[in-house]
Structures are given as structure tokens and as C-alpha cells.
Amino acid sequence: MADQFIVVDKLRDTLRESLGKDDKRQEDISRPDVLTRIESVIQTIVISVSEGEAPVLRVMNRSSWDNVRFHESVGLVQKTDVPVRTLRCDCPSSATRFALTLKLLSVIYKLVQSDSYATKRDIYYNDPQLFGSRTTLDSILDDISCMLKVPRRSLHVCATSKGFISGDLCYLEEDGTKVDCSSSSTAVPVSSNVNGIRNIVSAAKFILIVEKDATFQRLLDDAFCTRLSPCIIITGKGVPDVNSRLMVRKLWDTLNIPVFALVDADPYGIEIMCIYKYGSRSLAFEAHSLTVPSVLWLGLLPSDIQRYRIPEETLIPFSQADESKINSLRTRDYISCQPAWEREIETMQRLKQKAEIQCLASIAPHFLTRVYLPNKLRYGGWI
């Protein structure tokens, strides 16, 4: 098996040679600078009140595709001339949002000032009736981050991670705790403070992003990280949380090794892979910290359905939602700039069928870990 990584190593060398000035993380903002930016917002409100005017807050519209543009070496980035939404304290439709934004700004100010941290869960359950839902809290936090032009990690509000990681990787948490991810049977939760991770040590040849937790657990059960050692596998358990995306970016920045994606051959699997690779519309303002444009599609490719003669009974017919999603994907610049991806999506749309990674087990129980993935990595079966 000495030659199993020859093609992967060549890819690694090519990626390292192509690293450019755009492959950089967004710089952290100092605590005094964060405080100054919050004070500036509050000062504007105070001035409005002193002049007898109803104070307003202006937040970016993060929900429209019209407000983002595609940058090939970064991903989806926010345009400079994004329209803003005005939150007025004297308008019934926005007064609640205005008040909640001020409340959260107050909490953040105290956290940054005292150099302490809180989780979003802590903030929410301190007064759940105030925010109404954790989704509302998440949205307002993103609005504040975008408004202040401050990365979320600099606001001293942490999110509990839902992702897991395993493989040839050791590092230190910010508090000095040593984390060893090398156990072949169990995974380690992704850190809630990825930015504080230091002393990363790994001899991994590649990183494999796994869409689903069930597939991730299957890889663990089949000792995938031992069979194809050294490597790292990570899952965000579906649509990835920010910490999982930060972790993939941190590993890419540190190790500069190939990053592959293993997702279902369906429109939603492709979109999840694109979130890791190119980012999301709502967090386009943080693209430099969250995206890894070098991510490659390892599987499950729609063309693999015919190539491996996956049994018809394991395939799932397209729904109307699938058709709408795939039509949406085909209009996006980051798909149209990749002919190989376009061909695969066209194949999926022509077949009008989708396949989950688990369908490979219909060929043989261990086909995924002992045949499919090893051969893909040995012979360069990615796009």
C-alpha cells in the first residue's frame, strides 16, 4: 500500500504551488476596536434621541443572492454596495428587532470589556422569552457581526459545536487542554473555540469532509482512518455549523493538504459541499474565514450510479423540491465555472434519481471503505 497516496501527494504539491495572496484568513479585530465600533453605534442612537428623532439601526440584507458575488479564490463574498434594512424603534414591524439588537449589543460589550465568553445557549436561556427562539438570536448575532464588520469569534459569543472529527490530529485548546483525535473507534467534538486552537500536529495526507453523521460513524466502525492512515475525517452532521467550517479552514491553513468531500448524490448534498467550498449567502461577509475553495468532490458522483451499477431499487426518484434545488444550483456562478461539476449535475437531472452514500452497501457491506474510497484516492477519482 506504499503507493496509495502517490496521486494525492501530487495533488498536495500542486495545491501548495497555487497558494496565492487571496488564501488568507480574515484578521481578528482587537478588543478595544470591537468596543469602539459598538460605542459608535450607540453614540449614533444617543445623538438621534438628543435631537428628538427616532433612533434607527441599519443592518445589511444578508438574504438575497443579489447582494453577493462570486470570487473564484474566496467564494461567495458580500458586495460593497449591499442595500441595508432600517430597524426603527418607532415602527411596529421592526421595534422588537431593534430592541433585541440593542440588548445583544449590550451583552457583547460586557463580554468583550471583561474578556470573558458566553455561549449562545447561555445568552438565550438567560431570558428565553425575550428572544423567543434561538433562531432569532442567531440571526441577530450575524446581523451585528456584519454591521460591525467584526468576525463572530471576536464578539466573545461561542456556539456549541455539532460536528465531530477523527484521525491523525493533535492540538491544544486555548486553555492548554491537549486534544488527541487519533482514536480509531471514537470521534472528538469540534472545538467551540476553533480560533483558540494552537500547536496543531498532523502527518495527514488528506482531509475528508463527510456529509452525514451516519456515514461518518460507518467510517469509524470500519477503522477507515487506520486503513488509510494518515488522514483526518470531519463531519458537520448535515448542513455544517460555523465551527465545523472554521475547523476545516483552520486545518487547510495549517496543513495545506487536499480536502475532499463525500456527500450524497443529490442536490442537497451538493449544496452542503458548496457551503464548505464557497460559503453561504448569509455569511458571505465572513467568507475569508469560512471557505476552502480547494475542496474537491470525491463522491458520491451521479456518474458513479451507472459506473458501479448501483441497484435500481436503492435509488430515490426526484421530488419537486429536488428539481427546484438543482435548477437553483445550475444558475450559480460557482457551478457554471466548473465544467466537470456541471456535467455531473446534468447527469443527475437527466436520470431524475438521487442516491445516498449508504446505497454502496448494496454492492457489498464494506464496499465504501474498502473499495470505493481507497480506489478513488489511489487513482484520482475526484473532480
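Looking at an unreviewed UniProt entry, one finds the protein chain named DNA topoisomerase (ATP-hydrolyzing) and attributed to Carassius auratus red var.. What UniProt records for the protein chain under Sequence similarities (unreviewed entry) is the sentence "Belongs to the TOP6A family." Heading Subcellular location (unreviewed entry) of the UniProt record for the protein chain holds this comment: "Nucleus".

Omega for the peptide link from serine 229 to proline 230 comes to 0°, which places this bond in the cis form. Inspection of the secondary structure puts proline 230 in the loop between helix 8 (224–227) and strand 13 (232–235). The omega angle of the peptide bond from glycine 299 to leucine 300 is -10°, so this bond is cis rather than trans. Note on placement: leucine 300 falls in the loop between strand 15 (296–299) and helix 12 (302–307). Positive phi outside glycine occurs at alanine 223, with the angle close to 55°. Among the structural elements, alanine 223 can be located in the loop between helix 7 (213–221) and helix 8. Even without a glycine there, the phi angle at asparagine 256 is positive, about 50°. Along the polypeptide, asparagine 256 turns up in the loop between helix 9 (242–255) and strand 14 (259–262).

We now examine the sheet that holds strand 14. Reading across from one edge, 10-7-13-12-14-15 is the order of the 6 strands in this open sheet, with mixed pairing throughout. The open sheet is flanked by strand 10 (188–189) and strand 15, the only strands paired with a single partner.

This part takes up the pattern of salt bridges. Summed over the entire model, instances satisfying the criterion amount to 23 salt bridges. Salt-bridge contacts for arginine 152 lead to aspartate 142; the nearest nitrogen and oxygen are separated by 2.5 Å. With arginine 152 in the loop between helix 6 (134–148) and strand 6 (157–158) and aspartate 142 in helix 6, the pair connects residues that are 10 residues apart, well separated along the chain. You'll find arginine 152 and aspartate 142 in the same group, each marked buried. Here arginine 218 and aspartate 222 are joined by a salt bridge, their closest N and O atoms 3.3 Å apart. Take aspartate 222: its relative accessible area is 7%, and that puts it in the buried class. Among the charged side chains, a network of salt bridges with common partners joins Asp9, Arg12, Asp13 and Lys205.

Glancing now at the domain arrangement of the protein chain. As a measure of interface size, the accessible area lost when the parts come together is often cited. For the protein chain, the assigned domains are domain 1 (31–158) and domain 2 (161–379). Centre-to-centre separation of domain 1 and domain 2, based on C-alpha positions: 31 Å. Residue-level contacts link 20 residues of domain 1 with 23 residues of domain 2. For the domain 1 and domain 2 pair, buried surface summed over both sides reaches about 1900 Å², with 63% attributable to carbon and sulfur atoms. Inspection of the domain 1/domain 2 interface yields 1 salt bridge. In this structure, the salt-bridge partner of arginine 153 is glutamate 286, at a minimum N-O distance of 3.8 Å. Where domain 1 touches domain 2, the interface holds 7 residue pairs in polar contact (both at pLDDT 80 or more). Those elements that place two or more of their residues in the side of domain 1 that touches domain 2 are strand 2 (68–71), strand 3 (75–78) and helix 6. In terms of residues, the side of domain 1 that touches domain 2 owes the most to one element, strand 3, which gives 4 residues. Residue composition of the side of domain 1 that touches domain 2, by class: 9 nonpolar, 6 polar and 5 charged.

In this section: the nonpolar core. If you look at soluble globular proteins, the nonpolar side chains tend to sit buried side by side. The biggest cluster of nonpolar side chains holds 87 residues, and the ones touching the most others in it are Ile165, Phe206, Leu208, Phe224 and Met247. Taken domain by domain, the makeup of this core includes at least three residues from each of domain 1 (31–158) and domain 2 (161–379). Look past the residues within four positions of methionine 247 in its chain and what remains in contact with it is Ile165, Leu169, Tyr171, Val190, Val194, Ile197 and Ile234. Within the second largest apolar cluster, 29 residues are counted, among which are Leu35, Phe98, Tyr124 and Val150.

Further remarks concern the UniProt feature "domain: Spo11/DNA topoisomerase VI subunit A N-terminal" (unreviewed entry) in the protein chain. Under the present numbering, the feature "domain: Spo11/DNA topoisomerase VI subunit A N-terminal" (unreviewed entry) in UniProt falls on residues 97–157. Secondary structure content for residues 97–157 is 70% helix and 5% strand, while the C-alpha to C-alpha distance between its ends is 19 Å.

Under the UniProt annotation, "active site" (unreviewed entry) lies at Tyr125. Following the sequence through the fold, tyrosine 125 ends up in helix 4 (residues 120–126). For tyrosine 125, a relative accessible area of 46% corresponds to the partly exposed category.

Time to look at the side chain of arginine 62. In this structure, arginine 62 sits in the loop between strand 1 (56–60) and strand 2. At a separation of 3.2 Å, a polar atom in the side chain of arginine 62 contacts the main-chain carbonyl oxygen of serine 139. Each residue touching arginine 62, except ones within four places of it in the same chain, is listed here: Gln78, Ser139, Asp142, Asp143, Cys146, Arg281, Ser282 and Phe285.

Conventions used here
Residues numbered from 1 in each chain as written. Predicted model: local features only at pLDDT ≥ 70, side-chain atom pairs only at ≥ 80, totals over all residues. Heavy atoms only, no water. UniProt positions renumbered as here; feature names shortened; annotations may be inferred. Helix = DSSP H or I, 4+ residues; strand = E, 2+ residues; numbered from the N terminus. Pairing = 2+ DSSP bridges. Salt bridge = Lys/Arg side-chain N within 4 Å of Asp/Glu carboxyl O. Buried < 20%, exposed > 50% of the residue type's maximum accessible area, 1.4 Å probe, protein only. Domains from an automatic or database assignment. Contact = heavy atoms within 4.5 Å. Buried area = accessible area lost by both parts, 1.4 Å probe. Polar contact = N/O pair within 3.5 Å; in protein donor to acceptor, adjacent residues only side chain to side chain. Nonpolar A, V, L, I, M, F, W, Y, C, P; charged D, E, K, R; others polar. Core = buried A, V, L, I, M, F, W, Y, C linked by side-chain atoms within 4.5 Å.

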